[in-house]
Amino acid sequence: YSYRRCWGSAHVENRKPFWETKKLRELNQAEWESLCDGCGQCCLIRFEDTKTGSVGATSVVCRLFEIESCRCSHYPERHQLVQDCVRLDADSVSDLSWLPNTCAYRLLDEGLPLYEWHPLIAGNGDEIRRAGVSVYGNVISEKNVHPDDLAWQIVRWV
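First, a word on what this report is: a plain description of the structure on this page. (Residues numbered from 1 in each chain as written. Predicted model: local features only at pLDDT ≥ 70, side-chain atom pairs only at ≥ 80, totals over all residues. Heavy atoms only, no water.)

A separate point is the sheet that holds strand S5 (residues 140-141). Spatial strand order, S1-S2-S5: three strands in an open sheet with mixed pairing. Strands at the two margins of the open sheet, each flanked by one partner only, are strand S1 (44-48) and S5. One ladder, built from four bridges, connects S1 with strand S2 (residues 55-61); its direction is antiparallel. In the sheet register, Leu44 faces S2, and the bridge partner there is Val61. (Pairing = 2+ DSSP bridges. Helix = DSSP H or I, 4+ residues; strand = E, 2+ residues; numbered from the N terminus.)

Another aspect to go through is unusual backbone geometry. The backbone phi angle of Cys70 is positive, close to 60 degrees, even though this residue is not glycine. Along the chain, Cys70 turns up in the loop between strand S3 (65-66) and strand S4 (71-72).

Leu24, Trp32, Leu35, Tyr105 and Leu114 are the most contacted members of the largest nonpolar core, which has 16 residues in total. For this core, the secondary structure elements donating two or more residues are helix H2 (18-21), helix H3 (29-35) and helix H5 (104-109). Contacts of Leu114, omitting those with residues within four sequence positions, involve Trp19, Leu35, Ala104, Leu107, Leu108, Leu120 and Ile121. (Core = buried A, V, L, I, M, F, W, Y, C linked by side-chain atoms within 4.5 Å. Buried < 20%, exposed > 50% of the residue type's maximum accessible area, 1.4 Å probe, protein only. Contact = heavy atoms within 4.5 Å.)

What follows concerns the packing of aromatic side chains. Counted according to the given criterion, the structure contains three aromatic pairs. Between Trp32 and Tyr105, the aromatic rings sit 4.4 Å apart at their centres with planes inclined by 35 degrees, giving tilted as the arrangement. Highlighted residues: Trp32 in helix H3 and Tyr105 in helix H5, separated in sequence by 73 residues. Take Trp32 and Tyr105: they sit in the same class, and that class is buried. On the basis of an interplanar angle of 5 degrees and a centroid distance of 5.3 Å, the ring pair of Tyr115 and Trp117 is categorised as stacked. The lysine or arginine in question, Arg78, covers the ring of Tyr75, its NZ or CZ lying 3.7 Å from the ring centre. (Phe/Tyr/Trp six-rings, centres within 6.5 Å; stacked < 30°, edge-to-face > 60°. Lys NZ or Arg CZ within 6 Å of the ring centre and 35° of its normal.)

Here is the structure:
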């Protein structure tokens, strides 16, 4: 007789990752947080044109942003420390038209796959920098820019 296992490791290997099977609203907190690729683009200071509604991003990041790690230095209390810090959740993703096309939250909201450089797929956080998607090396902290000069820092991100 020959037997074939119907459970165990073979079954686990065939399971799809959570980001391919769940909607944003179905994610637990750990899954939600792991979707952030660390690009830092949501931490860029932006200005909205009051006449047209268009949003322009600067090359300046929030004062809490750690440029080397591309992460928030006070993530748990960011909303208390920075009044206009973005509140990104399953309900707001589709309303934030300025989110980059590479953003995992936006991609999943639109039913699209993650890029190969995403840390969940690549297995590390270095590939995003190599892909040129991260703000790393292209920004300065708002701590180093006079508030009156922020509007002069608007750039076009590729």
